[in-house]
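# Survey of secondary and tertiary structure
Each chain is listed here by its residues.
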Amino acid sequence: MPKQNSAARRTSIAGLLTATSLVLALSGCASYDVTAPADARAEAPAADVKAKDARLAAAGDAKHQNGAKSGGKTTSAGGAEVDCRKAKCVALTFDAGPSENTNRLLDILKREKVHATFFMLGKNHIEKRPAEVKRIDAEGHELANHTWSHQILTDIKPETAWREISRVQDAVRKITGKTPKLMRPPQGRTDENVSKISKELGVAQVLWSVTAKDYATNDSALITKRVLEQTERDGIILLHDIYRGTVPAVPGILKELKKRGYTVVTVSQLLSPAKPEPGMVYRP
(Lines give C-alpha, C1' and ligand atoms only; values in the text may rest on other atoms or scores of the structure.)
Protein backbone atom coordinates (compact mmCIF):
# COMPACT_ATOMS: atom_id res chain seq x y z
CA MET A 1 0.00 0.00 0.00
CA PRO A 2 1.12 3.63 -0.54
CA LYS A 3 3.16 5.22 2.21
CA GLN A 4 1.15 7.11 4.85
CA ASN A 5 1.80 10.83 5.39
CA SER A 6 0.58 13.54 7.76
CA ALA A 7 -1.83 15.02 5.24
CA ALA A 8 -3.84 11.90 4.54
CA ARG A 9 -4.32 8.87 6.69
CA ARG A 10 -4.38 5.97 4.25
CA THR A 11 -7.00 3.70 5.76
CA SER A 12 -7.45 0.06 4.77
CA ILE A 13 -11.19 -0.37 4.99
CA ALA A 14 -14.02 -1.69 2.90
CA GLY A 15 -16.71 0.62 4.22
CA LEU A 16 -16.78 3.73 6.42
CA LEU A 17 -19.54 5.02 8.67
CA THR A 18 -23.10 3.82 8.81
CA ALA A 19 -25.95 6.26 9.37
CA THR A 20 -26.09 5.41 13.06
CA SER A 21 -22.46 5.02 14.05
CA LEU A 22 -19.02 6.44 13.50
CA VAL A 23 -17.24 3.10 13.64
CA LEU A 24 -14.61 2.12 11.08
CA ALA A 25 -15.28 -1.22 9.48
CA LEU A 26 -11.89 -2.79 8.93
CA SER A 27 -11.79 -5.50 6.30
CA GLY A 28 -10.14 -6.38 3.03
CA CYS A 29 -7.28 -4.40 1.55
CA ALA A 30 -9.11 -1.71 -0.39
CA SER A 31 -7.72 1.71 0.42
CA TYR A 32 -8.60 5.36 0.06
CA ASP A 33 -7.44 8.66 1.50
CA VAL A 34 -9.00 10.08 4.66
CA THR A 35 -7.99 13.34 6.33
CA ALA A 36 -9.32 15.64 9.03
CA PRO A 37 -10.04 19.35 8.45
CA ALA A 38 -7.17 20.46 10.71
CA ASP A 39 -4.74 18.18 8.87
CA ALA A 40 -5.94 19.50 5.52
CA ARG A 41 -5.37 23.09 6.64
CA ALA A 42 -1.92 22.27 8.00
CA GLU A 43 -0.86 20.64 4.75
CA ALA A 44 -2.32 23.26 2.39
CA PRO A 45 0.02 24.24 -0.47
CA ALA A 46 2.09 27.34 0.22
CA ALA A 47 0.44 29.21 -2.64
CA ASP A 48 -3.02 28.63 -1.16
CA VAL A 49 -1.85 29.72 2.29
CA LYS A 50 -0.38 32.90 0.83
CA ALA A 51 -3.58 33.64 -1.09
CA LYS A 52 -5.70 33.06 2.02
CA ASP A 53 -3.55 35.35 4.12
CA ALA A 54 -3.76 38.04 1.45
CA ARG A 55 -7.57 37.82 1.43
CA LEU A 56 -7.68 38.04 5.21
CA ALA A 57 -5.41 41.07 5.17
CA ALA A 58 -7.56 42.75 2.54
CA ALA A 59 -10.72 42.00 4.51
CA GLY A 60 -9.12 43.43 7.65
CA ASP A 61 -8.13 46.61 5.81
CA ALA A 62 -11.64 47.03 4.45
CA LYS A 63 -13.14 46.70 7.92
CA HIS A 64 -10.70 49.23 9.30
CA GLN A 65 -11.48 51.69 6.53
CA ASN A 66 -15.20 51.27 7.14
CA GLY A 67 -14.76 51.84 10.86
CA ALA A 68 -15.98 48.32 11.63
CA LYS A 69 -14.80 46.23 14.52
CA SER A 70 -12.75 43.21 13.49
CA GLY A 71 -13.32 40.86 16.42
CA GLY A 72 -12.52 37.17 16.32
CA LYS A 73 -16.17 36.08 16.26
CA THR A 74 -16.66 36.77 12.57
CA THR A 75 -19.44 34.68 11.02
CA SER A 76 -19.41 33.28 7.52
CA ALA A 77 -22.22 35.49 6.27
CA GLY A 78 -21.86 37.92 3.43
CA GLY A 79 -18.82 36.16 2.03
CA ALA A 80 -16.67 37.25 4.99
CA GLU A 81 -13.25 35.67 5.23
CA VAL A 82 -12.96 33.29 8.16
CA ASP A 83 -9.66 31.89 9.41
CA CYS A 84 -10.39 28.49 10.95
CA ARG A 85 -6.69 28.11 11.74
CA LYS A 86 -7.41 30.60 14.54
CA ALA A 87 -11.18 30.69 14.99
CA LYS A 88 -13.11 27.96 16.78
CA CYS A 89 -14.97 26.76 13.70
CA VAL A 90 -17.68 24.20 13.12
CA ALA A 91 -19.32 23.39 9.77
CA LEU A 92 -23.10 23.23 9.50
CA THR A 93 -24.50 20.90 6.84
CA PHE A 94 -27.96 19.86 5.68
CA ASP A 95 -28.71 16.69 3.74
CA ALA A 96 -31.41 15.40 1.42
CA GLY A 97 -33.18 18.64 0.42
CA PRO A 98 -34.29 20.97 -0.84
CA SER A 99 -37.76 20.45 0.58
CA GLU A 100 -40.82 22.39 1.66
CA ASN A 101 -38.86 23.36 4.79
CA THR A 102 -35.85 24.84 3.00
CA ASN A 103 -37.10 28.39 2.52
CA ARG A 104 -37.89 28.64 6.23
CA LEU A 105 -34.41 27.36 7.02
CA LEU A 106 -32.86 29.88 4.65
CA ASP A 107 -34.80 32.68 6.36
CA ILE A 108 -33.28 31.60 9.70
CA LEU A 109 -29.74 31.38 8.33
CA LYS A 110 -30.10 34.79 6.71
CA ARG A 111 -31.36 36.35 9.94
CA GLU A 112 -28.54 34.77 11.93
CA LYS A 113 -25.94 35.68 9.29
CA VAL A 114 -24.70 32.12 8.95
CA HIS A 115 -23.79 30.07 5.90
CA ALA A 116 -24.19 26.32 5.58
CA THR A 117 -23.42 23.54 3.11
CA PHE A 118 -26.38 21.85 1.44
CA PHE A 119 -25.85 18.26 0.29
CA MET A 120 -28.80 17.98 -2.08
CA LEU A 121 -30.63 15.03 -3.55
CA GLY A 122 -31.59 15.07 -7.21
CA LYS A 123 -34.74 13.00 -7.59
CA ASN A 124 -37.82 14.68 -6.10
CA HIS A 125 -35.67 17.48 -4.69
CA ILE A 126 -33.36 19.39 -7.04
CA GLU A 127 -35.51 18.46 -10.02
CA LYS A 128 -38.71 19.63 -8.31
CA ARG A 129 -37.37 22.66 -6.42
CA PRO A 130 -34.98 24.58 -8.68
CA ALA A 131 -36.08 27.88 -7.11
CA GLU A 132 -34.77 26.74 -3.73
CA VAL A 133 -31.50 25.62 -5.32
CA LYS A 134 -31.12 29.06 -6.86
CA ARG A 135 -31.84 30.73 -3.52
CA ILE A 136 -29.33 28.54 -1.69
CA ASP A 137 -26.69 29.68 -4.15
CA ALA A 138 -27.79 33.32 -4.31
CA GLU A 139 -27.58 33.69 -0.53
CA GLY A 140 -24.02 32.42 -0.39
CA HIS A 141 -24.48 28.88 0.87
CA GLU A 142 -22.42 26.01 -0.46
CA LEU A 143 -23.94 23.74 -3.09
CA ALA A 144 -23.07 20.08 -2.60
CA ASN A 145 -24.04 16.63 -3.89
CA HIS A 146 -25.87 13.86 -2.00
CA THR A 147 -26.47 11.68 -5.10
CA TRP A 148 -29.52 11.49 -7.33
CA SER A 149 -31.65 8.93 -5.51
CA HIS A 150 -29.79 8.10 -2.29
CA GLN A 151 -28.60 4.69 -3.41
CA ILE A 152 -25.80 3.21 -1.30
CA LEU A 153 -22.81 3.75 -3.56
CA THR A 154 -20.86 0.78 -2.24
CA ASP A 155 -23.75 -1.57 -3.04
CA ILE A 156 -24.27 -0.70 -6.70
CA LYS A 157 -22.30 -1.11 -9.90
CA PRO A 158 -19.62 1.53 -10.59
CA GLU A 159 -21.46 2.81 -13.66
CA THR A 160 -24.62 3.28 -11.58
CA ALA A 161 -22.66 5.07 -8.85
CA TRP A 162 -21.18 7.33 -11.52
CA ARG A 163 -24.67 8.30 -12.70
CA GLU A 164 -25.87 8.84 -9.13
CA ILE A 165 -23.20 11.50 -8.64
CA SER A 166 -22.92 12.95 -12.13
CA ARG A 167 -26.66 13.58 -12.55
CA VAL A 168 -26.62 15.91 -9.54
CA GLN A 169 -23.53 17.66 -10.87
CA ASP A 170 -25.29 18.28 -14.18
CA ALA A 171 -28.58 19.36 -12.59
CA VAL A 172 -26.98 21.89 -10.22
CA ARG A 173 -24.81 23.29 -13.00
CA LYS A 174 -27.86 23.71 -15.25
CA ILE A 175 -29.73 25.63 -12.54
CA THR A 176 -26.93 27.76 -11.07
CA GLY A 177 -24.05 27.64 -13.52
CA LYS A 178 -21.92 26.15 -10.73
CA THR A 179 -20.71 22.59 -10.25
CA PRO A 180 -20.54 21.15 -6.71
CA LYS A 181 -17.08 20.36 -5.35
CA LEU A 182 -18.32 18.26 -2.43
CA MET A 183 -20.29 15.01 -2.20
CA ARG A 184 -21.67 13.17 0.81
CA PRO A 185 -22.14 9.45 0.15
CA PRO A 186 -25.47 8.15 1.50
CA GLN A 187 -25.04 6.71 5.01
CA GLY A 188 -21.40 7.80 4.80
CA ARG A 189 -20.55 4.57 3.04
CA THR A 190 -17.62 4.76 0.68
CA ASP A 191 -14.81 2.59 -0.62
CA GLU A 192 -11.96 2.59 -3.10
CA ASN A 193 -14.28 2.50 -6.13
CA VAL A 194 -16.44 5.36 -4.86
CA SER A 195 -13.31 7.39 -4.16
CA LYS A 196 -12.05 6.73 -7.68
CA ILE A 197 -15.35 7.83 -9.21
CA SER A 198 -15.45 10.91 -6.97
CA LYS A 199 -11.96 11.88 -8.08
CA GLU A 200 -12.89 11.49 -11.74
CA LEU A 201 -16.01 13.63 -11.26
CA GLY A 202 -14.15 16.30 -9.30
CA VAL A 203 -15.84 15.96 -5.91
CA ALA A 204 -14.37 15.50 -2.44
CA GLN A 205 -16.27 13.27 -0.02
CA VAL A 206 -17.48 14.78 3.25
CA LEU A 207 -18.52 12.77 6.30
CA TRP A 208 -19.41 14.14 9.74
CA SER A 209 -18.74 14.10 13.46
CA VAL A 210 -22.11 15.26 14.81
CA THR A 211 -25.46 13.67 14.10
CA ALA A 212 -28.76 14.46 15.80
CA LYS A 213 -30.39 11.39 14.23
CA ASP A 214 -33.17 13.76 13.21
CA TYR A 215 -34.42 11.11 10.81
CA ALA A 216 -35.69 9.24 13.89
CA THR A 217 -37.31 12.06 15.88
CA ASN A 218 -39.32 15.25 15.41
CA ASP A 219 -38.42 16.45 18.92
CA SER A 220 -36.65 19.76 18.27
CA ALA A 221 -35.38 20.00 21.84
CA LEU A 222 -33.81 16.56 21.58
CA ILE A 223 -32.23 17.43 18.24
CA THR A 224 -30.74 20.58 19.79
CA LYS A 225 -29.45 18.65 22.80
CA ARG A 226 -27.77 15.99 20.66
CA VAL A 227 -26.02 18.52 18.45
CA LEU A 228 -24.70 20.56 21.36
CA GLU A 229 -23.50 17.50 23.27
CA GLN A 230 -21.40 16.29 20.34
CA THR A 231 -20.04 19.52 18.86
CA GLU A 232 -16.32 20.23 19.16
CA ARG A 233 -13.93 22.46 17.27
CA ASP A 234 -13.49 21.49 13.59
CA GLY A 235 -16.61 19.34 13.73
CA ILE A 236 -19.06 18.81 10.90
CA ILE A 237 -22.72 18.83 11.94
CA LEU A 238 -25.14 16.64 9.99
CA LEU A 239 -28.79 17.70 9.91
CA HIS A 240 -31.60 17.22 7.39
CA ASP A 241 -33.87 19.99 6.13
CA ILE A 242 -36.50 17.43 5.10
CA TYR A 243 -37.69 16.52 8.60
CA ARG A 244 -40.30 18.44 10.54
CA GLY A 245 -38.40 18.80 13.79
CA THR A 246 -35.07 19.94 12.40
CA VAL A 247 -35.61 23.48 11.16
CA PRO A 248 -37.27 24.65 14.42
CA ALA A 249 -34.16 23.42 16.26
CA VAL A 250 -31.74 25.53 14.21
CA PRO A 251 -32.18 28.93 15.97
CA GLY A 252 -31.45 27.41 19.37
CA ILE A 253 -28.48 25.47 18.04
CA LEU A 254 -26.97 28.57 16.47
CA LYS A 255 -27.59 30.72 19.54
CA GLU A 256 -25.82 28.26 21.85
CA LEU A 257 -22.94 27.60 19.44
CA LYS A 258 -22.25 31.32 19.21
CA LYS A 259 -22.51 31.61 23.01
CA ARG A 260 -19.83 28.90 23.28
CA GLY A 261 -17.55 30.83 20.95
CA TYR A 262 -18.02 28.86 17.76
CA THR A 263 -17.83 30.36 14.30
CA VAL A 264 -20.30 28.56 12.05
CA VAL A 265 -18.96 28.02 8.54
CA THR A 266 -19.34 26.01 5.35
CA VAL A 267 -17.28 22.88 4.76
CA SER A 268 -14.97 24.63 2.30
CA GLN A 269 -14.38 27.44 4.79
CA LEU A 270 -13.55 24.85 7.44
CA LEU A 271 -10.89 23.35 5.16
CA SER A 272 -9.43 26.66 3.95
CA PRO A 273 -6.68 27.51 3.05
CA ALA A 274 -6.73 23.96 1.71
CA LYS A 275 -9.07 23.33 -1.22
CA PRO A 276 -11.29 20.24 -1.32
CA GLU A 277 -9.32 17.50 -3.05
CA PRO A 278 -11.39 15.34 -5.43
CA GLY A 279 -11.72 11.79 -4.18
CA MET A 280 -10.45 12.59 -0.68
CA VAL A 281 -12.63 11.65 2.30
CA TYR A 282 -12.84 14.46 4.86
CA ARG A 283 -13.81 13.27 8.34
CA PRO A 284 -13.25 15.16 11.62
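Residues numbered from 1 in each chain as written. Predicted model: local features only at pLDDT ≥ 70, side-chain atom pairs only at ≥ 80, totals over all residues. Heavy atoms only, no water.

## Here we look at the packing of helix α3 (residues 102-112) against helix α5 (residues 130-138)
Going by this rule: Orientation is described by axes fitted as lines to C-alpha atoms, over the contacting stretch for helices, and by angles from 0 to 180 degrees between their N-to-C directions. Helical segments are the DSSP runs of H or I of at least four residues, strand segments are the runs of E of at least two, and each set is numbered from the N terminus. Angle categories are assigned with fixed cut-offs, so that under 35 degrees is roughly parallel, over 145 is roughly antiparallel, 65 to 115 is roughly perpendicular, and the rest are oblique. We call a crossing left-handed when the near helix sits turned anticlockwise from the far one by less than a right angle, and right-handed when that turn is clockwise. Every residue pair with non-hydrogen atoms within 4.5 Å of one another is taken to be in contact. Residue polarity follows a fixed list, in which Ala, Val, Leu, Ile, Met, Phe, Trp, Tyr, Cys and Pro are nonpolar, Asp, Glu, Lys and Arg are charged, and the others, Gly among them, are polar.
Contact pair α3 / α5: the axes reach a minimum separation of 10 Å and the direction vectors enclose 15 degrees. Accordingly, the angle class assigned to the pair α3 and α5 is roughly parallel. Pair α3 / α5 crosses with left-handed handedness. Contacts between α3 and α5 involve Thr-102, Asn-103, Leu-106 and Asp-107 from the former and Glu-132, Arg-135 and Ile-136 from the latter. For the contact of α3 with α5, the class distribution of residues is two nonpolar, two polar and three charged.

## A word on the pattern of salt bridges
This is how it is decided: Take a side-chain nitrogen of Lys or Arg and a carboxyl oxygen of Asp or Glu: if they are within 4 Å of each other, that pair is a salt bridge.
In the structure shown here, the tally under the stated rule is 19 salt bridges. Lys-52 is the salt-bridge partner of Glu-81, the closest N and O atoms lying 3.2 Å from each other. Of this pair, Glu-81 sits in the loop between α2 (46-65) and β5 (89-95) while Lys-52 sits in helix α2, placing them 29 residues apart in sequence. Linked through salt bridges whose partners overlap, the residues forming this network are Lys-52, Arg-55 and Glu-81.

## Points about the packing of aromatic side chains
Applied cut-off: Note on ring pairs: Phe, Tyr and Trp rings are taken, using the six-membered ring of Trp, and paired if centres are within 6.5 Å. Classes follow the plane angle, with under 30 degrees stacked, over 60 edge-to-face and the rest tilted. When accessible area is computed with a 1.4 Å probe and restricted to protein chains, residues below 20% of their type maximum are described as buried, those above 50% as exposed, and intermediate ones as partly exposed. Counting as a charge over the ring demands two things of the Lys NZ or Arg CZ atom: a distance within 6 Å of the ring centre and an angle within 35 degrees of the ring normal.
Here the structure, examined in full by the defined rule, presents one aromatic pair. With a centroid separation of 5.5 Å and an interplanar angle of 25 degrees, the aromatic rings of Phe-94 and Phe-118 are classed as stacked. One end of the pair, Phe-94, is in strand β5; the other, Phe-118, is in strand β6 (residues 117-120), with 24 residues separating them in the sequence. By relative accessible area, which is 2% here, Phe-118 ends up buried. Lying over the aromatic face of Tyr-262, Lys-88 brings its terminal NZ or CZ to 4.3 Å of the ring centre. The ring of Phe-119 has Arg-184 sitting right over it, with the charged end atom 4.2 Å from the ring centre.

## Observations concerning the state of the cysteines
Put simply, the test is: Here, a disulfide means two cysteine sulfur atoms that sit within 2.5 Å of each other.
This structure, assessed with the given rule, holds one disulfide. The side chain of Cys-84 participates in a disulfide bridge whose partner is Cys-89; the two sulfur atoms lie 2.2 Å from each other. Between Cys-84 and Cys-89, the S-S dihedral sits near -90 degrees, and the bridge is therefore left-handed. An identical accessibility class is assigned to Cys-84 and Cys-89; each is buried.

## Let's talk about the confidence of the model for the chain
Put simply, the rule reads: Confidence of the predictor at the level of single residues is captured by pLDDT, which takes values from 0 to 100.
When pLDDT is averaged across the chain, the result is 87; 82% of the residues are at 70 or more. For residues 1-29, every residue scores under 50 in pLDDT, and the model assigns this stretch 70 contacts once sequence neighbours within four places are set aside.

## Section: the pairing of β5
So the rule is basically this: The pairing criterion is simple: DSSP has to find at least two bridges between the two strands. With strands facing away from the observer, any crossover in which the path from the first strand over the helix to the second runs clockwise is taken as right-handed.
Most of β5 is tucked away: seven of the seven residues are buried. Judged by which residues are buried, β5 turns out to be covered on both faces: Cys-89, Ala-91, Thr-93 and Asp-95 on one side and Val-90, Leu-92 and Phe-94 on the other are all buried. Note that β5 and strand β12 (residues 263-265) share three bridges and pair parallel. Paired with Val-90 across the strands is Val-264, a residue of β12. In terms of handedness, the path from β5 via α3 over to β6 forms a crossover that is right-handed.

## Brief notes about α5
Buried within α5 are the following residues: Glu-132, Val-133, Arg-135, Ile-136 and Asp-137. Where α5 is buried, its residues touch α3, β6, α4 (122-126), β7 (142-145) and α6 (158-176).

## Thoughts on the pairing of β6
Across the two faces of β6 the burial is the same, with Thr-117 and Phe-119 and Phe-118 and Met-120 all buried. Two strands pair when backbone bridges link them, and β6 and β7 are joined in this way by four bridges, in the parallel orientation. Each bridged residue has a counterpart across the sheet, and for Thr-117 the counterpart in β7 is Glu-142.

## Focus: the environment of Leu-238
As for its placement among the helices and strands, Leu-238 is situated in strand β11 (residues 236-240). A relative accessible area of 5% places Leu-238 in the buried class.

## Section: unusual backbone geometry
Both trends apply: most residues other than glycine have a negative phi, and most peptide bonds are in trans. Cis geometry marks the peptide bond from Gly-97 to Pro-98, where omega comes out at 0 degrees. For Pro-98, the location among the structural elements is in the loop between β5 and α3. The linkage connecting Ser-272 with the following residue, Pro-273, adopts the cis geometry, with an omega of 20 degrees. Positive phi is not limited to glycine here, since Thr-147 has a value of about 80 degrees. Its location among the elements puts Thr-147 in the loop between β7 and α6. For Thr-147, a relative accessible area of 0% puts it in the buried group. If you check the backbone angles, His-150 has positive phi at about 65 degrees while not being a glycine. Assignment of secondary structure puts His-150 in the loop between β7 and α6.

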